[in-house]
Amino acid sequence: MQTKRILIIDDEETIQTVVQFGLKIAAGWEVFTASSGLEGIQIAQTQKPDVILLDVMMPNMDGIATFKKLQAHSETEQIPVILLTAKAQTAEKHQFNDLGVSGVITKPFNSLELPEQISRILNW
């Protein structure tokens, strides 16, 4: 598996740490972290990650608003986005898919299985 560049946008530091650990240990991927939607958009524009893992529930700008802003910028609209969410009801999953996200990973998850889940969603 070639080295990928992953951006995690999540306001919870523990989630950032667990995801970062899993992606680095299991796949050797480079990981960037952002604690807010605004910070995540700025990092996405400068670092051009291969995929963005985006938390749905965040203060100020939630994941949906962040995703829409990413889609509105020409330099970030092509980056695949996978939502991380504890909201895994069928209705919410349909709503997320209707937005045009690449996929949804439900919390809690096994961080060491994340590279495999991401690869499966994006057909890497």
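Residues numbered from 1 in each chain as written. Predicted model: local features only at pLDDT ≥ 70, side-chain atom pairs only at ≥ 80, totals over all residues. Heavy atoms only, no water.

A. Summary view of the packing of aromatic side chains. Going through the model one piece at a time under the given rule, you end up with one aromatic pair. Their ring planes at 75° and their centres at 5.6 Å tell us that Trp29 and Trp124 sit as a pair that is edge-to-face. In this pair, Trp29 sits in the loop between α1 (13-27) and β2 (30-34) while Trp124 sits in the segment after α5 (114-122), placing the two residues 95 residues apart along the sequence. Take Trp124: its relative accessible area is 37%, and that puts it in the partly exposed class. Lying over the aromatic face of Trp124, Lys4 brings its terminal NZ or CZ to 4.2 Å of the ring centre. (Phe/Tyr/Trp six-rings, centres within 6.5 Å; stacked < 30°, edge-to-face > 60°. Helix = DSSP H or I, 4+ residues; strand = E, 2+ residues; numbered from the N terminus. Buried < 20%, exposed > 50% of the residue type's maximum accessible area, 1.4 Å probe, protein only. Lys NZ or Arg CZ within 6 Å of the ring centre and 35° of its normal.)

B. Spatial organisation of the sheet that holds strand β4 (residues 81-85). Read across the sheet, five strands follow the order β2-β1-β3-β4-β5 without closing on themselves; strand pairing throughout is parallel. Of all the strands in the sheet, the pair left with one neighbour each is β2 and β5 (103-106). Along the sheet, successive strands turn relative to each other by an average axial angle of 20°, direction set aside. For strand β3 (residues 51-55) and β4, the ladder comprises four bridges, and the chain directions are parallel. Bridge pairing in β4 places Asp55 opposite Leu84. (Pairing = 2+ DSSP bridges. Axes fitted to C-alpha atoms, helices over the stretch in contact; angles between N-to-C directions.)

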